[in-house]
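One letter stands for each residue in the lines below.
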Amino acid sequence: MEIISLVRWELRNILFDKKFMLSIIIGMFISLVTIPLLMQAVSYFKEGTLLSALPVSIKIIKIATVGEHPAINELEKDVMVDVVRTDEKNAFEMLGKKEVHGVFIVDSNSGKFYGRGVGLSNLAESSVRNAVDRILRKDVKPAFNLTPDLGLESLIKSLLAPFLLLTPLFLWSLPIIQSISYDRENKIIEILFATPASRKEILLAKVIANMLFAMLLGVVWINLVQLSGLNFSNPFGVYIIFLVIAFLIISMNALVSALSASVNEATLASSISSTIIVTLFFSVTTLKVFPATALLARLSPATYIAEQVGGGASSFPLNLILMLLIVIASALLLAISAFSTEAFAFAVKPGIKQLYEGMLELLKSKTKAAFAMGFVAFSITSPVQIIAIALIFLISRINILLLLAVLVAIEEVFKALAITIIKPRKTNEGVLYGSLVGLAFGLSESILLAPIVDIFILIRIVPMVVHALSTGLFGIGYTNKNALASLLLAILLHLAYNLYLVGYL
Amino acid sequence: MIEAFNLTKQFGELRAVDDVSFTAKEGEVFGIVGPNGAGKSTLIKILSTILTPTSGRAIINGLDMAKEPQKVRSIIGYLPEEPRVYDYMSGEEFLNFFSDMYKGDKKRIPELLEFVGLEKHAKRKISDYSKGMKHRISLARALIHDPPVLLLDEPTMGLDPASSRDIREKIKEMRREGKTILICTHYMDEADFLCNVLAIMNNGKFAAFGKPEELKAKLVKGRLLSIVIKENELIGKIADELGSEVDGRSIIVKTTDVSAALSKIHSTAKKFGANVLSIKTLDPSLEDVFVAVTRGQKWK
């Protein structure tokens, strides 16, 4: 069990690094002083002073209603819905002129609603109308937060919370970079590789030591943060989320260090990757400000922390944690693969081809490697998709068709890239590896989307098949020298299913 | 004992180690000499399991490297060309760390520190060590688990003469203890001093192989004559006429028939009107063997 000795020494190296420990203590001290000051400042943002400036006060959709129903009275109080009570003839006239987004008529016999709406391409409008539709027609509780009182003070506090809580992780996850890159730059890795410890053990020991450090410090940190004014309804849940994000950053740091030639390069690459991770999480969490996009905010683990401060009794995002564990496992797998390449022992950057060879050596099977590549492709695709959504939002009003086409194209391109790395030769290999990549990808996607959608078969099972089919199709094309045509076909197949799904919803 | 069978290592187009087979026995210092880029370090990295051979296999003390790499690693002590050390640790901590990695006996640490003459510097940070001290703590590190097989890559490279002599003495001491020692070196005198068996490596292959004295006798057939003449300006012309080489102020004649060579030297000197000041015979050095082999020529 060389790994235990290694972990002990790695941990000792972290704790005995006086400069590093001092900077951690100073960092924590600064944050602890800042938190109460910020909270104090936030309390000056009283309701009504800034609320009108936020989009939450805008009437996003206008509906016409015919007849009487208690739900209509509820809706009239909503900040986002403009309700016009009228008769049936007038209501449909308004709809024809597109003066309203939808018409809802109370059936005098059953007391239920029926109605019609205009086609909407605006995401916010369609989301709100969808919510209204569910409330009125299906007699369900609002899935969206349609209440006018969002509580600005607690909202800003809750958004600040994950930011303040997670920032120290940048610093806490540096030891792994120091450890891997130092060993490599000074070629100590050569003599470590000549000891009885395996390469996997050496890398994992470094990750475990850094994680143990984050776990220990995390307990102290979450308690201190609560003392300084940020209170969580479920501190243990927050601690778990905190650790998963720490694990993600540490694994990414292990990966970038295994791919960089020097400490400096690794530190730079880690700053970029950690910034991307925290920025993505944080920006997705801010979506909870807008009722129309609040559900999307559930895609970020930071949202849970925000909700905890907001006093909400939100459920623990288990699916999200599972998805993040997939990303973490992918990063660790790639890091160990890089570690196992010969290039690593020579302090040369391994190429993608060598990285894949390292993975093959580790997993000892092309089939397993293809399945793993599906998870890797998913881990890379998700952040790219979030950035793409933001860009589409910037350049145009959200167009559902354009959005779907771009998202599908990104997914298919990254899965296809995985196939080009695996390089199947025969058609049957192309089908097998393509389907495996697609299956692993679809599985990850279904885990991620689980809480957002409720149609189990259509959204969780069928997409896995669609992913496996489309990439299997690409596998056939790739092995028969028709890569581009089959990629286009795969995109079309996938897009057709997604359009069907949108139409169904 | 190290047994290597047809070891080959290919890096893209380059065949760094080309079909190398040999056996190094217990109590033997097996030396590998060769020019830069000959493949010596690659070979030693293969034997220390850092690199996997493209083909061929090696058995170390009965353990197959490919099948039981972890067990092989626990019986070899690998010393890379440059000292690889944790600058931020003290010498003692450094040895402690590796003792843990090999589950070694901690009692060896003070013994080894004394062995390499660093007992007074055990508590000092390695960053404060001189180059020679770093080499010595590295040697102690390679010996921490008392390995029966040692793989030493240029153990005295860049060291001052005193440190080099120290390390060479230590290696001789370990040879007496019955360890199998494989050593790569640039220095011919080091190879001559330490090795029982010697291989000259060039372009990835063992170009010559045997005991140092056998190699000298086999590869440098005949004698070397060193001639000094009074007229410096005639050195080049006479050397050309004799078909020999110039070394500083001396003309070096290689021959298997000394008396015939002497008469030719005298007649040539007479022809050019040169005065011969001295003629000496030289014994071939290992360096001559090295030069002969790596240039792919044998003296007739």
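Residues numbered from 1 in each chain as written. Chains lettered and ligands numbered in written order. Predicted model: local features only at pLDDT ≥ 70, side-chain atom pairs only at ≥ 80, totals over all residues.

Student: I tried to follow the overall build of chain B on my own but got confused; where do I start?
Tutor: Counting its secondary structure elements, chain B contains eleven helices and 14 strands. Its C-alpha atoms give chain B principal-axis dimensions of about 75 × 45 × 35 Å. A separation of at least 24 residues holds for 69% of the contacts in chain B among residues at least 6 apart in sequence. (Helix = DSSP H or I, 4+ residues; strand = E, 2+ residues; numbered from the N terminus. Contact = placed C-beta atoms within 7 Å.)

Student: I keep staring at the overall build of chain A and nothing clicks. Help me out?
Tutor: The secondary structure content of chain A amounts to 21 helices and four strands. Sorting the 505 residues of chain A into buried and exposed places 42% on the buried side. For chain A, contacts bridging at least 24 residues in sequence account for 69% of all contacts bridging at least 6. (Buried ≥ 20, exposed ≤ 12 C-beta atoms within 10 Å, placed from the backbone.)

Student: Help me out: how do you make sense of the domain arrangement of chain B in this one?
Tutor: How big an interface is tends to be stated in terms of accessible area lost as the parts join. Examined at the domain level, chain B breaks down into domain 1 (2–211) and domain 2 (223–283). Each of domain 1 of chain B and domain 2 of chain B has a C-alpha centre, and the two are 44 Å apart. (Domains from an automatic or database assignment.)

Student: Got a minute to help me understand helix H16 (residues 352–363) of chain A in this structure?
Tutor: Residues and elements named next belong to chain A. Between its first and last C-alpha, H16 extends 16 Å over twelve residues, near the 16 Å set by a 1.5 Å rise per residue. The complete set of buried residues in H16 reads Leu355, Tyr356, Gly358 and Met359. With its buried residues spanning 155 degrees around the axis, H16 presents them on a single face. Of the surrounding elements, those touching the buried residues of H16 are helix H14 (318–340), helix H17 (366–395) and helix H18 (400–422). (Expected span 1.5 Å × (residues − 1). Arc of directions from axis to C-beta.)

Student: In this structure, what is going on with the interface of chain B and chain A? I would like to understand it.
Tutor: Tallying the contact residues gives 15 residues for chain B and 16 residues for chain A. Among the residues forming the side of chain B that touches chain A, the class breakdown is eight nonpolar, four polar and three charged. (Nonpolar A, V, L, I, M, F, W, Y, C, P; charged D, E, K, R; others polar.)

Student: Please clarify how the nonpolar core should be interpreted in this entry.
Tutor: In globular proteins that are soluble, nonpolar side chains generally tend to be buried together. Counting residues in each nonpolar core, the largest one holds 178 residues, and the members touching the most others are Ala246, Ala254, Ala335 and Val437 of chain A together with Leu151 and Leu182 of chain B. Leaving out residues up to four positions away in the same chain, Leu151 of chain B has contacts with Ile44, Leu47, Ser48, Ile76, Tyr78, Leu79 and Leu182 of chain B. Judged by nonpolar contacts, the second largest core, of 17 residues, contains Ala64, Met80, Val100 and Phe113 of chain A. (Core = buried A, V, L, I, M, F, W, Y, C linked by C-beta atoms within 7 Å.)

Student: In this structure, what is going on with the packing of helix H3 (residues 91–101) of chain B against helix H4 (residues 108–115) of chain B? I would like to understand it.
Tutor: Axes are the key here: two packed helices are described by the angle between their axes and the distance separating the axes. Residues and elements named next belong to chain B. Orientation of H3 relative to H4, taken along the N-to-C sense of each, is 130 degrees, at an axis distance of 10 Å. Taken together, the axes of H3 and H4 are oblique relative to one another. Helix-helix and strand crossings are classified by hand; for H3 and H4 the assignment is right-handed. Contacts from Gly91, Glu92, Leu95, Asn96 and Ser99 of H3 reach H4 at Ile109, Leu112 and Leu113. (Axes fitted to C-alpha atoms, helices over the stretch in contact; angles between N-to-C directions. Parallel < 35°, antiparallel > 145°, perpendicular 65-115°, else oblique. Left-handed = near helix turned anticlockwise from the far one by under 90°.)

Student: Quick question: what am I supposed to make of the pairing of strand S8 (residues 180–185) of chain B here?
Tutor: A regular strand carries its side chains on alternate faces of the sheet. All names here are of chain B. In terms of burial, S8 is a largely internal element, six of the six residues being buried. Here S8 shows a buried face lined by Thr180, Leu182 and Cys184 and a second buried face lined by Ile181, Ile183 and Thr185. In this structure, strand S3 (residues 29–33) lies alongside S8, joined through five bridges in parallel fashion. Opposite Val29, over in S8, you have Ile181 as the bridge partner. This β-α-β element, strand S7 (residues 149–153) to helix H6 (residues 161–176) to S8, shows right-handed connectivity. (Pairing = 2+ DSSP bridges. Right-handed = clockwise from strand over helix to strand, strands pointing away.)

Student: Hey, could you run me through helix H1 (residues 40–47) of chain B in this one?
Tutor: Since the α-helix advances by 3.6 residues per turn, residues separated by three or four positions end up pointing in the same direction. Residues and elements named next belong to chain B. In terms of residue burial, H1 counts as a mostly covered element, since eight of its eight residues are buried. Taken as a whole, H1 has its buried residues at Lys40, Ser41, Thr42, Leu43, Ile44, Lys45, Ile46 and Leu47. Directly beyond the C-terminal end of H1, a positive phi value near 70 degrees is found at Thr49.

Student: What should I look at first to understand the domain arrangement of chain A in this one?
Tutor: Residue and element names in this part refer to chain A. Partitioning chain A into domains gives domain 1 (1–47 + 159–364), domain 2 (58–137) and domain 3 (366–505). Each of domain 1 and domain 3 has a C-alpha centre, and the two are 28 Å apart. Mapped by element, the contributors of at least two residues to the side of domain 1 that touches domain 3 are helix H12 (263–286), H14 and H16. The class makeup of the residues in the side of domain 1 that touches domain 3 is 18 nonpolar, two polar and one charged.

Student: It is not clear to me how the sheet that holds strand S1 (residues 2–11) of chain B should be interpreted in this structure. Could you clarify?
Tutor: Backbone hydrogen bonds are what pair the strands of a sheet, in a parallel or an antiparallel way. Residue and element names in this part refer to chain B. One open sheet holds the four strands; their spatial order is S2-S1-S4-S5, and the pairing between them is antiparallel. In this open sheet, the two edge strands, each paired with only one partner strand, are strand S2 (14–24) and strand S5 (63–64). In the sheet, S1 pairs with S2 via seven bridges, with the strands oriented antiparallel. What sits directly across from Gln10, in S2, is Arg15.

Student: Where do I start with the packing of helix H10 (residues 199–227) of chain A against H14 of chain A in this structure?
Tutor: Residues and elements named next belong to chain A. Where H10 contacts H14, the two axes come as close as 9 Å, and the packing angle between them is 130 degrees. The orientation of H10 with respect to H14, classified from their angle, is oblique. At the point where H10 passes H14, the crossing takes the right-handed sense. Along the contact surface, H10 presents Arg199, Lys200, Leu203 and Val207, while H14 presents Leu332, Ala335, Ile336, Phe339 and Ser340. By residue class, the composition of the contact of H10 with H14 is six nonpolar, one polar and two charged.

Student: Can you help me understand the confidence of the model for chain B in this one?
Tutor: Atomic detail in the predicted coordinates should be set aside for any region of low pLDDT. For chain B, the average pLDDT comes to 87, and 95% of its residues sit at 70 or higher. Mean pLDDT in chain B bottoms out at helix H11 (residues 286–294) of chain B, which sits at 71, and peaks at H3 of chain B, which reaches 95. (pLDDT = per-residue confidence, 0-100.)

Student: I'm lost on the environment of Leu151 of chain B in this one. Help?
Tutor: Within the secondary structure layout, Leu151 of chain B lies in strand S7. Residue classification places Leu151 of chain B among the buried positions, given that 27 C-beta atoms sit within 10 Å.

Student: Looking at this structure, I do not really get the sheet that holds strand S10 (residues 205–210) of chain B. What am I missing?
Tutor: Residue and element names in this part refer to chain B. If you trace the six strands from one edge of the open sheet to the other, you get S6-S7-S8-S3-S9-S10, paired in mixed fashion. Both outer strands of the open sheet, strand S6 (76–79) and S10, are each paired with one neighbouring strand and no more. Within the sheet, the average angular offset between the axes of one strand and its neighbour, ignoring direction, is 15 degrees. Sheet topology note: the S3/strand S9 (residues 197–202) ladder contains four bridges and is parallel. Residue pairing for S9: Phe30 is matched across the bridge by Val197. Its contacts with the sheet place H1 against S3, S7, S8 and S9, and it is angled at close to 150 degrees to S8. Packing of helix H5 (residues 131–142) onto the sheet brings it into contact with S6 and S7, and relative to S6 it is tilted by some 160 degrees.

Student: Please explain the pairing of strand S4 (residues 55–60) of chain B as it appears in this structure.
Tutor: Residue and element names in this part refer to chain B. The pairing of S1 with S4 spans five bridges and is antiparallel. Within the sheet, the bridge partner assigned to Ile2 lies in S4 and is Ile60. Examined bridge by bridge, S4 and S5 share two bridges and lie antiparallel to one another. Residue Ile59 lies in a different strand from S5, and its bridge partner there is Asp64. As consecutive antiparallel partners, S4 and S5 are separated by two residues, and within that stretch Asn61 has a phi angle of approximately 45 degrees, a positive value.

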